[in-house]
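# Coordinate analysis (summary)
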Amino acid sequence: MSQRQLALILITPGLLLVAALFLYPLGFSLISAFTRPDGSLTLEWFAKAFELYSGDIVFTVIIVLTSCLLTALAAIAIAGTLTLGENRWVVGTLKALYRWPLFIPFIVAAQCMRTFLAKNGLMNNTFVSLGLMDPLSATSFLDWRGIIATFVWKQTPFVALLLAGALASIDRATLEAGRNLGASRLRVLVELALPQVMPTLLVALVLSFVTMLSVLSVPMMVSGSQPTMLTVDMAFRINAYGDYATANALGVITYLISAGAAILYLKRGMSKEAAP
Amino acid sequence: MIRLVSTARAALAAAVLTAFAFVLSGPLANLALWSVAERWYTPYKLPVTYGTRYWEQVFRPTGDAMASLGTSVWIAVLTVIVALALSIPAGYALARLKLPVRALFMVMFLLPQAFPSVAIYINVARVFYQIGINGTVFAVVLVHAAHGLVYSVWIAAAAFAAVDKDLELAARNIGASPLRTFATVTLPLAAPGIIASGIFVFLESLDEFTGTFFVGVPQVTTLPLLLYNAAMGGNYQVASITALILLVPSVLFMLFIERFLRADVLAKVGA
């Protein structure tokens, strides 16, 4: 037996599992979204998906984009402070704190936020106790704001961790030179450090984008009301109506949204490579 | 004047840090409060009566939580076994053997992570339903293992690639068969990495919700599903206690990583 044959034999069981539990269902979702029960091609499931859920499609894209943007800003602030911070006490505290949500499951994060952001949750209660808020003006954040807050809370440590690692590995001399020439730390971060770690930041954000598109527990638990995210709509089409065709059309729409993020990333990578 | 500015800056830094700490720990503090709140209703800002009544209810041997914990751990253990049984040979082949279109195979194992998963899971559930295994532990283990293969295959391949080839050659030179060389030299040296990937797969399985939600219900109830049902049923105490139980392995893992990192950093001091 040649080495190649042995290698193929060793790798086949794993590939079979991926083929059976990923490739086959993926192919099935594509076929089911574009065909009638009799097998003829149709776009009627997409028409139905757009008719019923166009609001939720827009909602999902806005939620995920906003969450990614806020996650990026928070991660840049944290990673920037960790790398360029001069106050050892601040850097030490931040370092000890920021990673906490990293290994917390999404469903636990959702349960935390479900109580924390409620009308009478700990957040509003603390604001009222501190005199920052009038008890009557307390409102529940358990809607789109709650979903975004949960996503940002959960994903920021991941992006910040990768970004801090990348920032720590860039050449300190350019940053020191910038500081010596009188640039503020913010300016050094934005104009000297960030451009060098952009690829890392974008990879982390694309991964976060797909993750947020896949999470079912957070939109179900944090915001029960309409509008909601496509993951919840898909679960509803299946559980309430057994309507695989429309659910799969919605599924194809989520593939396209995530492909959009990946293409934007690749396009940027290519234009960068083309540049001198 | 300079002193005033630096005091103001320090105060600002302290305020920002305090706000950050509140945002970070507030949700967790709220969770902890709910787990020991026997009665808590508006307009009270803190629980009216504290107690461990719900903990007793959850940890009662006949309680749902203990059964769900058992199911969760059993599924996670089986998932690790399946994932490692598939990824150790695959990782070895990817790292050590001549393989046509190697990059394509690596990407194949990565793909399940690169797509939004809900649309995949609903179709897996449909197939499982047709062949009559929906709602079984076996079905849930398969779904978790497919998800875990990304980590286990990639980490196993890296672990095997890191094993010094000269040691394998030395074993072969003194007459060991290829299989014996693998069992006594390559595998033990790659073991730390493979164990790390196993821990990762275990934790992923323990925390997994979406796949179990479609493939396991209503017969298989893992801890995340129990948490979901309790939360949606309005039982915040049971939901919070379940969430805290789910946090334990995650926190242990984080402390482990932290120690590991610290040891790593310390080793470099003075080197």
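Residues numbered from 1 in each chain as written. Chains lettered and ligands numbered in written order. Predicted model: local features only at pLDDT ≥ 70, side-chain atom pairs only at ≥ 80, totals over all residues. Heavy atoms only, no water.

## Here's the deal with the overall build of chain A
Per the secondary structure count, chain A includes eleven helices and zero strands. Counting from the amino terminus, chain A carries its helices and strands in the arrangement α-α-α-α-α-α-α-α-α-α-α. Pairs at least 24 apart in sequence give 71% of the contacts found in chain A among residues at least 6 apart. Element-wise, carbon and sulfur atoms account for 68% of the exposed surface of chain A, whose accessible area totals about 12900 Å². Averaging the locations of the 18 positively and 13 negatively charged side chains of chain A gives two centres separated by 9 Å. (Helix = DSSP H or I, 4+ residues; strand = E, 2+ residues; numbered from the N terminus. Contact = heavy atoms within 4.5 Å. Areas by Shrake-Rupley, 256 points an atom, 1.4 Å probe, with all protein chains shown as cover. Lys, Arg positive; Asp, Glu negative; His and termini not counted. Charge placed at Lys NZ, Arg CZ, Asp CG, Glu CD.)

## What to know about the overall build of chain B
Assigned secondary structure in chain B consists of eleven helices and two strands. Of the regular secondary structure in chain B, the N- to C-terminal order runs α-β-β-α-α-α-α-α-α-α-α-α-α. Its C-alpha atoms give chain B a radius of gyration of 24 Å, clearly above 18 Å, the size a compact globule of 271 residues would have. C-alpha extents for chain B along the principal axes are approximately 75 × 70 × 35 Å. In chain B, buried positions account for 45% of the 271 residues. Restricting the contact set of chain B to residue pairs at least 6 apart, pairs at least 24 apart contribute 67%. (Rg over C-alpha atoms; globule rule 2.2 N^0.38 Å. Buried < 20%, exposed > 50% of the residue type's maximum accessible area, 1.4 Å probe, protein only.)

## Re the confidence of the model for chain B
Residues and elements named next belong to chain B. In the predicted model, chain B carries a mean pLDDT of 85, and 94% of its residues have values of at least 70. Taking the mean pLDDT of every element in chain B, the minimum, 71, falls on helix 11 (residues 236–268) and the maximum, 93, on helix 9 (residues 210–215). Low pLDDT, under 50, characterises residues 261–271; the stretch is placed with one contact to residues that sit more than four places away or in other chains. Interface confidence in the predicted complex, given as ipTM, is 0.86; pTM for the same model is 0.88. (pLDDT = per-residue confidence, 0-100.)

## Side note on the interface of chain B and chain A
Every contact between the two is made by 76 residues of chain B and, on the other side, 71 residues of chain A. Carbon and sulfur atoms supply 80% of the area buried between chain B and chain A, which totals about 6700 Å² over both sides. The largest per-residue losses of area from chain B upon contact with chain A belong to Leu17, Lys45 and Pro116 of chain B, which jointly make up 9% of the total buried on that side. Our count for the chain B to chain A interface comes out at zero salt bridges. Between chain B and chain A we count eight residue pairs in polar contact (both at pLDDT 80 or more) in total. Where the side of chain B that touches chain A is concerned, the elements lending two or more residues are helix 1 (2–35), helix 3 (64–96), helix 4 (102–114), helix 5 (118–130), helix 6 (137–162), helix 9, helix 10 (223–232) and helix 11 of chain B. Take the side of chain B that touches chain A: its biggest share by element is 16 residues, from helix 1 of chain B. (Buried area = accessible area lost by both parts, 1.4 Å probe. Salt bridge = Lys/Arg side-chain N within 4 Å of Asp/Glu carboxyl O. Polar contact = N/O pair within 3.5 Å; in protein donor to acceptor, adjacent residues only side chain to side chain.)

## Observations regarding the layout of surface pockets
Computed from the structure, the second largest pocket encloses a volume of approximately 760 Å³. Residue lining of the second largest pocket: 24 residues in total, with Thr81, Val90 and Arg185 of chain A together with Ala13 and Val16 of chain B positioned closest to the centre. Taken together, the elements giving at least two residues each to the lining of the second largest pocket come down to helix 2 (44–84), helix 3 (88–97) and helix 8 (185–214) of chain A together with helix 1 of chain B. With eight residues, the top contributor of residues to the lining of the second largest pocket is helix 1 of chain B. (1 Å grid on protein atoms, 1.4 Å probe; cavity = no way out; pocket = protein on both sides within 12 Å on 5 of 7 lines; lining within 4 Å. Points joined across faces, edges and corners; volume = space filled by probe spheres on them.)

## What to know about the confidence of the model for chain A
Considering every residue of chain A, the mean pLDDT works out to 88; 97% of them sit at 70 or more. Across chain A, helix 2 of chain A holds the top mean pLDDT of 93, while helix 11 (residues 244–274) of chain A sits lowest at 82.

## Description of the environment of Lys154 of chain A
Residues and elements named next belong to chain A. Within the element layout of this structure, Lys154 appears in helix 6 (residues 144–168). Looking at Lys154, the relative accessible area reads 8%, which means it is buried. C-alpha of Lys154 to C-alpha of Pro105: the two residues are 49 residues apart in sequence and 8.5 Å apart in space. With residues up to four places along the chain from it excluded, the contact list for Lys154 reads Pro101, Leu102, Ile104, Pro105, Phe106 and Ala109.

## With respect to the environment of Leu162 of chain A
Residue and element names in this part refer to chain A. Among the structural elements, Leu162 can be located in helix 6. Measuring from C-alpha to C-alpha, the distance between Leu162 and Thr200 comes to 6.9 Å, with 38 residues separating the pair along the chain. Filtering out sequence-adjacent residues up to four positions away, Leu162 remains in contact with Thr200 and Ala204.

## Here's the deal with a nonpolar patch on the surface
Among the surface-exposed residues, Leu30, Phe34, Leu41 and Leu43 of chain A lie close enough to one another that they form a single nonpolar patch of about 400 Å² accessible area. Looking at where Phe34 of chain A falls in the secondary structure, it is placed in helix 1 (residues 3–34). (Patch = residues over 30% accessible without salt bridge, like charges linked within 9 Å, V, L, I, M, F, W, Y side chains within 5 Å.)

## Things to note about the side chain of Asp233 of chain A
In this fold, Asp233 of chain A is placed in helix 10 (residues 230–241). If we ignore the near neighbours within four places in the chain, the residues touching Asp233 of chain A are Tyr53, Asp56, Thr228 and Leu250 of chain A.

## Here we look at the packing of aromatic side chains
All chains considered together, the criterion is met by 17 aromatic pairs over all chains. Seen from their ring centres, Phe106 of chain A and Phe151 of chain A are 6.2 Å apart, and the 85° between their planes marks the pair as edge-to-face. Of the two residues, Phe106 of chain A sits in helix 4 (residues 106–116) while Phe151 of chain A sits in helix 6, which places them 45 residues apart along the sequence. Comparing Phe106 of chain A with Phe151 of chain A, the two get one shared label, buried. A centroid spacing of 5.7 Å and a plane angle of 55° characterise the contact between Phe116 of chain A and Phe22 of chain B, whose relative ring orientation is tilted. (Phe/Tyr/Trp six-rings, centres within 6.5 Å; stacked < 30°, edge-to-face > 60°.)

## Brief notes about helix 4 of chain A
The periodicity of an α-helix, 3.6 residues per turn, causes residues three or four places apart in sequence to face the same way. The buried fraction of helix 4 of chain A amounts to eleven of the eleven residues, a majority that puts the element mostly inside the structure. Among the residues of helix 4 of chain A, those classed as buried are Phe106, Ile107, Val108, Ala109, Ala110, Gln111, Cys112, Met113, Arg114, Thr115 and Phe116 of chain A.

## Details of the packing of helix 6 of chain B against helix 8 (residues 178–207) of chain B
All names here are of chain B. Contact geometry for helix 6 and helix 8: axes closest at 9 Å, N-to-C directions at 145°. The crossing of helix 6 and helix 8 is right-handed. Where helix 6 abuts helix 8, its residues His144, His147, Gly148, Tyr151, Ser152, Ile155, Ala156, Ala159 and Phe160 lie against Phe182, Thr186, Leu187, Ala190, Gly193, Ile194, Ser197, Phe200, Val201, Glu204 and Ser205. Classifying every residue of the contact of helix 6 with helix 8 gives eleven nonpolar, eight polar and one charged. (Axes fitted to C-alpha atoms, helices over the stretch in contact; angles between N-to-C directions. Left-handed = near helix turned anticlockwise from the far one by under 90°. Nonpolar A, V, L, I, M, F, W, Y, C, P; charged D, E, K, R; others polar.)

## Thoughts on the pattern of salt bridges
Where charged atoms of side chains with opposite charge meet at close range, the side chains can pair. Residue and element names in this part refer to chain A. Taken as a whole, this structure holds nine salt bridges over all chains when the rule is applied. A salt bridge links Arg237 to Asp243, with the nearest nitrogen and oxygen atoms 3.0 Å apart. Grouping residues by exposure puts Arg237 and Asp243 together as buried. Where salt bridges share partners, they join Lys48, Arg237 and Asp243 into one cluster.

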